[in-house]
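Fold and contact review
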Amino acid sequence: LGIGWPATVAGDASGDLIGCCRAVRSSPAAVEALLAAIVKTTPRAAAPGWRESYYAIRRSYNSESTSAIDRAAFLLYLMARGFNGVLRVNRGGKFNVPIGDVPRPAYPTAAELARFAEVTRSWTFRLADFEETIADACEGDVLYADPPYAGTFGGYVAGGFSAADQVRLADALARARDQGVHVLHTNSTFEGVWALYRARGFWTLPTAESRAVNRDV
């Protein structure tokens, strides 16, 4: 986020994610105030009522009448307290992550939310299929794609992210590269992913990464 490009488009097919980003960007203090109030008034892990409070907030988040600011604060809370910190929805598009065993949830601070709003003030948060966003990249642009990794969980949006989507992404990135776009892409080494990109003329580099989404590490 700190690179400081003159113009940035951040695209995703998840309305939950894009909606949260837009709300934090427009009203970071309001989101933080509500998040702090939720954290203060809900039980700590393993305390009486902690599970019930999580699922009550999840129901509120999934309510169609919930405001954008409320949804952003609810989602930040749910992802900090939910299983493995993931954002997952069912086929109806409803957030359905169960509560996780998180003794010390890592919530974003007021300073972090304010910094996010400052950095992304001129960004465009685009809710769209990745092919639409990639197709708009122009010669000289830098394009970074970070999809659900092949062979791992892909149910971040209704319909998921399939093996066919992985091929569709590789083709879209190859078209962009051939038009002069600088392409950077991260994925797993699961069953032929390297071959998928090498066949399209991409250079591949293995790295060792360890991620714990909802842990403060």
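Residues numbered from 1 in each chain as written. Predicted model: local features only at pLDDT ≥ 70, side-chain atom pairs only at ≥ 80, totals over all residues. Heavy atoms only, no water.

With that settled, consider the pattern of salt bridges. On inspection of all chains with the given rule, the structure shows 9 salt bridges. With a closest N to O distance of 3.4 Å, Arg-71 and Asp-16 form a salt bridge. Here Asp-16 lies in helix H1 (residues 15-26) and Arg-71 lies in helix H4 (residues 68-81), a separation of 55 residues in the sequence. Given the relative accessible area of 26%, Arg-71 is considered partly exposed. Arg-126 is paired through a salt bridge with Asp-136; the nearest N and O atoms lie 2.5 Å apart. Linking Arg-126 in strand E2 (residues 124-127) with Asp-136 in the loop between helix H6 (130-135) and strand E3 (142-145), this pair joins segments that are 10 residues apart in sequence. Look at Arg-126 and you get partly exposed, because its relative accessible area is 24%. It is possible to trace a salt-bridge network through shared partners that takes in Asp-129, Glu-131, Asp-165, Arg-168 and Arg-175. (Salt bridge = Lys/Arg side-chain N within 4 Å of Asp/Glu carboxyl O. Helix = DSSP H or I, 4+ residues; strand = E, 2+ residues; numbered from the N terminus. Buried < 20%, exposed > 50% of the residue type's maximum accessible area, 1.4 Å probe, protein only.)

For helix H5 (residues 110-119), the full list of buried residues reads Leu-113, Phe-116, Ala-117 and Val-119. Lining the buried residues of H5 we find H1, helix H2 (28-41), H4 and E2. (Contact = heavy atoms within 4.5 Å.)

With that out of the way, let us pick up the nonpolar core. Within the largest apolar cluster, 29 residues are counted, with the highest numbers of intra-cluster contacts made by Val-24, Val-31, Tyr-54, Leu-76, Tyr-77, Leu-78 and Phe-95. When residues of this core are assigned to their parent elements, the largest contribution, 7 residues, is made by H4. Beyond its immediate stretch of four places on either side in the chain, Val-31 contacts Ala-23, Val-24, Ile-69, Ala-72, Ala-73, Leu-76 and Leu-113. With 16 residues, the next largest nonpolar core counts Ala-145, Ala-170, Val-181 and Val-193 among its residues. (Core = buried A, V, L, I, M, F, W, Y, C linked by side-chain atoms within 4.5 Å.)

For Ala-46, which is not glycine, the phi dihedral falls at a positive 75°. Residue placement: Ala-46 occurs in the loop between H2 and helix H3 (50-62). Given the relative accessible area of 65%, Ala-46 is considered exposed. Phi is positive for Asn-84, which is not a glycine, with a value near 60°. With respect to the helices, strands and loops of the structure, Asn-84 is situated in the loop between H4 and H5.

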